[in-house]
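Examining the three-dimensional arrangement
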4 protein chains.
Amino acid sequence: MQGVRKRIDVGVLGATGMVGQQFVRQLARHPWFRPAWLAASERSEGRAYADAAPWRLSDAPPEEVRASRVDGCVPGRGPRLVFSALDATAAQDIEPAFAAAGHLVVSNARCYRMDADVPLLIPEINADHLALLDRQRRARGWRGAIVTNPNCSTVVLAMVLAPLRRFGLESVLVTTMQAVSGAGYPGVSSMDILGNVVPFIANEEEKMESETCKILGTIGDSGVTPHAVTVSAHTNRVPVIDGHTEAISIALKARPSLDEVSGALASFKGQPQALNLPTAPANPIVVSAAPDRPQPRRDVDRDGGMTITVGRVRRCPILGVKLVALGHNTIRGAAGAAVLNAELMLATGLIGED
Amino acid sequence: MQGVRKRIDVGVLGATGMVGQQFVRQLARHPWFRPAWLAASERSEGRAYADAAPWRLSDAPPEEVRASRVDGCVPGRGPRLVFSALDATAAQDIEPAFAAAGHLVVSNARCYRMDADVPLLIPEINADHLALLDRQRRARGWRGAIVTNPNCSTVVLAMVLAPLRRFGLESVLVTTMQAVSGAGYPGVSSMDILGNVVPFIANEEEKMESETCKILGTIGDSGVTPHAVTVSAHTNRVPVIDGHTEAISIALKARPSLDEVSGALASFKGQPQALNLPTAPANPIVVSAAPDRPQPRRDVDRDGGMTITVGRVRRCPILGVKLVALGHNTIRGAAGAAVLNAELMLATGLIGED
Amino acid sequence: MQGVRKRIDVGVLGATGMVGQQFVRQLARHPWFRPAWLAASERSEGRAYADAAPWRLSDAPPEEVRASRVDGCVPGRGPRLVFSALDATAAQDIEPAFAAAGHLVVSNARCYRMDADVPLLIPEINADHLALLDRQRRARGWRGAIVTNPNCSTVVLAMVLAPLRRFGLESVLVTTMQAVSGAGYPGVSSMDILGNVVPFIANEEEKMESETCKILGTIGDSGVTPHAVTVSAHTNRVPVIDGHTEAISIALKARPSLDEVSGALASFKGQPQALNLPTAPANPIVVSAAPDRPQPRRDVDRDGGMTITVGRVRRCPILGVKLVALGHNTIRGAAGAAVLNAELMLATGLIGED
Amino acid sequence: MQGVRKRIDVGVLGATGMVGQQFVRQLARHPWFRPAWLAASERSEGRAYADAAPWRLSDAPPEEVRASRVDGCVPGRGPRLVFSALDATAAQDIEPAFAAAGHLVVSNARCYRMDADVPLLIPEINADHLALLDRQRRARGWRGAIVTNPNCSTVVLAMVLAPLRRFGLESVLVTTMQAVSGAGYPGVSSMDILGNVVPFIANEEEKMESETCKILGTIGDSGVTPHAVTVSAHTNRVPVIDGHTEAISIALKARPSLDEVSGALASFKGQPQALNLPTAPANPIVVSAAPDRPQPRRDVDRDGGMTITVGRVRRCPILGVKLVALGHNTIRGAAGAAVLNAELMLATGLIGED
């Protein structure tokens, strides 16, 4: 059925930056969405996309967008559905203006993630949080809306924790080893990271500790009640291009066996799988039996970068269970996350007539 | 006083490998020890050291040893004090044979570290464990002895925990990001580690979890009683040449303030400082106030690689305190550790005629 | 027409090593060839392929071969067409034995490349050198044959030079910056190459200087007359996973304009394009107009790794023309090269009924 | 004699950037110069140096300068001798203003290197070019002067060519593999260089091709006559922190033997050695006999980074001789070069009473 869906026009705010390029790449080959409107700052306005956006990704810019004229980020212009690849400073004002003008803004920016009436969405985990959109429109008087995806390192963690909620999540200690692409372009200086580890990423630990609880929370009449799990994060930058690796120790009330934990992870599915969304992997979590996996360079591209790979599920003498998880930070953790959010909204009728 | 000490002849077992080269480099410029006897496998016997040991370190082999003839690892040959850079397989038989023949074997190998009558020594922490040597000689009938230093990743952790014993160590969760030099030469294939993280190092987690308790243990009439702290380790290899970085969360019974923790670390001193041993840093732990330190490439060589750098001392919402520590794995964690052990033994009269 | 060709069974000698894995990966998705027979050393014989060949490539081993039993390298077993991923030592005896037993051995090994009656084949350049096979069979009394592809760094250079033969090649000075995958697994130690350049690869300069002349040579009744171009190579290893980059200066008798040089490169085509071979790129050389390309990480996978990317075509004040070229060393420079050789042989009737 | 020289006060323009930090580090431990005056842009003026200059180098900022107040770049302030670590844009106006105000500006900036009356100085090669200072003062009416050192990649090449002038330099083809530190901080994005090679550095090839001829030129009444050697450069960035590696092919009229070439390089000395200048290495060029050297990580720090290491001296079938050279780009190629220039000027009386 979904194979015959006609592609709808979508826009990209901040289309020329590195995250924007990832949106454009994903959308150019998407069966449901067509990147018909590319917007960026005034500096780029009027230029051909191929000129305005020096391409930072490994393949060439998609043919169909090379000649597109870049437009300004003016609310009301462009299609109803717009993806936001804006940095936080720009997103702060531009995203609400677009929502007010009737656009559905599917955003990767951090500004509104923790607002009480904004869904912080991972479709496999909390598709029901989209119910916040009614509150959001009522509260803000918008015809449009803002929907967000989490920070890249949070996505990997939340995906691992979601299937374990049944065992009673108590506390989670995570140490990340994050790729440089998470910092954008030019982002991390080569002088800082070649042959080095930087044990600090600004605000990253705070985001992981708060966003995770909201994502795993339950929605009721009064909005989202955050999950009570305690999260403690150590975040580190390592000389890897793509893929955040996370060493995770977890305390679970029910004290499941390791087989039960692995089984819960490997069998995890959600709305994207039930709805057979175009970019949804059949199994959003793959559990590797190899002793030394996951590894970013070898596992990051599994299923187009949308699958989390887990390995080394074993006993933690302190918290009970420990394991290693890996996800593609710029796909499952950014552009791909937003695209999956939009697929869910389209498939469930939230985007409506085009 | 110690400045006028005459250099004594010492030997190196396994002198041609990478760890052996580090011993030779350290000893060639040592004020108390002279690398007078270099031993290796039969393949190297009789050859000039410079030919038998293709140099893997960043500077050139020391002039004074280039022409030395490499001898075989035959007990009885060579000076009383020998450093062992043997791998575990070779060390298993050779080290006891040397001890039986009257040599003091100061070993970096893992074979005998956990034996009840063998000191697992970090001079700042457990100099009193040298009392085990009497037990060892009685039990084994040796005229010589074996003294060991810990695994490289354990040293960094144990150094951080030692000053915190006063606050009541309960549990410690550590995630390491370890340099490739820890695996020797050729060690880690470039195909495995360039732009990658490998979340597994064989037996490393087990070593950290057991060795730490022995090192921090108390010695009594019946030997060493291991410390009761629970240690849980995630060990990872990262593309760094030298320096193990460790993200550590710690539960302390006394719930000290962060200032008390930092103060305890920064003021930590032990026998090497009291005795003013030649390679002992004035402060074996330096606490950095920078938000993004320690970093291996920038901090690893502090005080010739003998100092542990700690940073980011902050609250852990789960265990109470978290921080990052860094140490030089082939110096403080291997050759330098053994040399400091020998300095302590010489300064305290355990090596005998000088 | 070729779309309806039935897949023929082929074999792989040395299937468990890293080059063998690349053959298996290429063949598992090949429209003409089916990897029906996987052979390796005695150690692997009888084991399932997935167990015998710890997978080193970035994706998982193909489903269809995971359970295949590995056979021994015994001449007469296996299909008529076998690809050889053997190292030189093993290839020395095994390849002739297979050729004598009637197999067509399409080899990536270096042993027989420079033999006067063995084609050193790049199908775009010297498809006519396959005429050597008659000589080879007569001279050696074989029913089968050996066909070879060049060394990985030679392929990149020869591809660039072939279209420039029309201008009169006089001399070529090339400096390579070669990926670590060219040395196999474990190959280059991380201790040697992290943050480093090694300005030496054993025998590599000699291979580039001799193989290039044979490849570009003309075939006549007395065999191949090597091209008279003088080649001088500096070969270097750099910390790159895949992709050999080559800085090339060229003296051309006809002194063409830079546009003529770029045009000759960009329009280059050969038999693989004429025959529309399955893995042949439409344009085997792509000339980039960007000022800073080619780059291995961004350009190496173009057209599945079968295309050479050239950039920075400009004047050389000494030799006349300079440029930079890049090719995928384990695809266009190894397994993919051999597969293209076999496609050419099949399409031109040299493999015949199976 | 020089041991008893009193340290003179010197200044640093642009002291807070990465090159400025290297000057400060070099000067803080210099026997002749004391970094008494640190100047930078208005943004830093009045702040303590340790606060104004986030330290990018591997060790800590020198104690003696941590508390120094940073001054503005105002001509007339500060000591007579000032080192300029300014970028080209700033240097364009500031350096002449300081020279006009009576300062001796020893500059690492590129602006005035190719001016006919400005020495482009490598003390081992062209100490006599300091005679240009008289012309400079007369022509410009300055009481002070500007003296420059070459671009970092040029220094390595020029040092290799200088001893070979006796054989009649005809042409030189050089391919560089340059470290990221050559681009300053933040400089090269990690997204561009991790696991990659970038075969382009803006204006670098032009600088190598022109500066080399001026450096090797002869001085006469009408100024410097550039050497007639033709230089052709391919410049590349590689993932190395410090150290430019250069693969060099050289045509020499006299066709010396390889031993004569190696001998000329190894025995090369100049004014710095004759005058025993403090940072001059005993042998400015060391020729390695190892088959795989020089390598940046293993050789770059030789003699504090002031020595050029050469290896692989061998026949080039096109130009006659080929070899590999390596030098420390931020020491011998930048801050250390300028400091050696100032040492030469002080030792030869050109700086005079302060």
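What you see is a predicted model; the values in this text were computed from it and never measured.

If you rotate chain D by 180° and push it 0.0 Å along the axis, it lands on chain C with an RMSD of 0.0 Å. One copy is carried onto the other by what is essentially a two-fold rotation axis. Here 97% of the contact residues of chain D are again contact residues in chain C; the copies associate through an equivalent surface.

One key point about sheets: their strands pair by backbone hydrogen bonds, in either a parallel or an antiparallel sense. All names here are of chain B. A sheet is described by the order of its strands in space; here six strands give the open sequence β10-β7-β11-β14-β13-β12, paired in mixed fashion. The open sheet has two free edges, formed respectively by β10 (230–237) and β12 (285–287), since each of these has just one partner strand. Between one strand and the next, the sheet's axes are offset by a mean angle of 25°, whatever the strand orientation. Both β12 and strand β13 (residues 308–316) contribute to a ladder of three bridges, which runs parallel. Note that in β13 the partner of V287 across the bridge is V310. Seen against the sheet, helix α7 (residues 152–161) touches β7 (169–178), β10, β11 (244–252), β12, β13 and β14 (320–327) and runs at an angle of roughly 40° to β11.

Of the residues lining the interface, five residues belong to chain C; the matching set on chain A comes to five residues. Of the residues contributing to the side of chain C that touches chain A, the split by class is one nonpolar, two polar and two charged.

Moving on to the interface of chain D and chain C. At the junction of the two partners, chain D supplies 33 residues and chain C supplies 32 residues. Contributing elements (two or more residues each) for the side of chain D that touches chain C: β7 (169–178), β10 (230–237), β11 (244–252), α12 (296–299), β13 (308–316) and β14 (320–327) of chain D.

Residues and elements named next belong to chain A. Taken together, six strands build an open sheet; the order of strands is β10-β7-β11-β14-β13-β12 and the sheet is mixed. The sheet is open, and its two borders are formed by β10 (230–237) and β12 (285–287), each paired with just one other strand. Across the sheet, the mean angle separating the axes of adjacent strands is 25° when strand polarity is ignored. Docked against the sheet, helix α7 (residues 152–161) engages β7 (169–178), β10, β11 (244–252), β12, β13 (308–316) and β14 (320–327), running at close to 40° with respect to β11. Lying over the sheet, helix α10 (residues 258–266) contacts β12, β13 and β14, oriented at roughly 165° with respect to β13.

Moving on: the relation of the copies chain C and chain A. Under the fitted operation, chain C is carried onto chain A by 0.0 Å of movement along the axis and a turn of 180°, and the coordinates agree to an RMSD of 0.0 Å. Most of the interface of chain C is mirrored in chain A, where 100% of its interface residues again form contacts.

This next bit is on the confidence of the model for chain A. For chain A, mean pLDDT is 95; residues scoring 70 or higher make up 98% of the total. Across the interface, the model reports ipTM at 0.95; the global pTM reads 0.96.

Here we take up the pairing of β11(A). Residue and element names in this part refer to chain A. By the criterion of burial, β11 is predominantly enclosed, with nine of the nine residues buried. Burial along β11 is two-sided: H244, E246, I248, I250 and L252 and T245, A247, S249 and A251, pointing in opposite directions, are all buried. As paired strands, β7 and β11 are joined by eight bridges and run antiparallel to one another. Across the sheet, M177 pairs through a bridge with T245, a residue of β11. Pairing of β11 with β14, which is carried by seven bridges, proceeds in the antiparallel orientation. Bridging from a neighbouring strand, S249 pairs with K322 of β14.

What follows concerns the environment of D115(A). Considering the arrangement of structural elements, one finds D115(A) in the loop between β5 (104–107) and α5 (123–126). C-alpha separation for the pair D115(A) and Q136(A), spaced 21 residues apart in sequence, amounts to 9.6 Å.

Residues and elements named next belong to chain A. Of the two faces of strand β4 (residues 81–84), both are covered, the one formed by L81 and F83 as well as the one formed by V82 and S84. Relative to β4, strand β1 (residues 8–13) is paired through four bridges, and the arrangement is parallel. When the bridges of β4 are listed, V10 appears paired with L81. Looking at chain direction, β4 and β5 are connected through four bridges and run parallel. Bridge pairing links F83 to V106 in β5. Between the parallel pair β4 and β5, the chain is carried across by helix α4 (residues 88–100), and the sense of this crossover is right-handed.

All names here are of chain B. Where α7 meets helix α13 (residues 331–347), the closest approach of the two axes is 8 Å, and the angle between their N-to-C directions is 95°. Relative to α13, the element α7 lies roughly perpendicular. Of α13, the residues touching α7 (which contributes C152, V155 and V156) are R332, G333, A334 and A337.

A word on the domain arrangement of chain A. One widely used convention gives an interface's size as the accessible area the parts lose upon coming together. Residues and elements named next belong to chain A. Each assigned domain of chain A is listed with its residue range as follows: domain 1 (2–150 + 335–347) and domain 2 (152–328). A straight line from the C-alpha centre of domain 1 to that of domain 2 covers 24 Å. Taken together, the contact between domain 1 and domain 2 spans 32 residues of the former and 27 residues of the latter. Secondary structure elements with two or more residues in the side of domain 1 that touches domain 2: α1 (18–28), α5, α6 (132–140) and α13 (331–347). Per-element accounting of the side of domain 1 that touches domain 2 gives the leading share, seven residues, to α13. Across the side of domain 1 that touches domain 2, the residue classes break down as 19 nonpolar, six polar and seven charged.

Parameters at a glance
Residues numbered from 1 in each chain as written. Chains lettered and ligands numbered in written order. Predicted model: local features only at pLDDT ≥ 70, side-chain atom pairs only at ≥ 80, totals over all residues. Least-squares fit on C-alpha atoms with pLDDT ≥ 70 in both. Contact = placed C-beta atoms within 7 Å. Pairing = 2+ DSSP bridges. Helix = DSSP H or I, 4+ residues; strand = E, 2+ residues; numbered from the N terminus. Axes fitted to C-alpha atoms, helices over the stretch in contact; angles between N-to-C directions. Nonpolar A, V, L, I, M, F, W, Y, C, P; charged D, E, K, R; others polar. pLDDT = per-residue confidence, 0-100. Buried ≥ 20, exposed ≤ 12 C-beta atoms within 10 Å, placed from the backbone. Right-handed = clockwise from strand over helix to strand, strands pointing away. Parallel < 35°, antiparallel > 145°, perpendicular 65-115°, else oblique. Domains from an automatic or database assignment.

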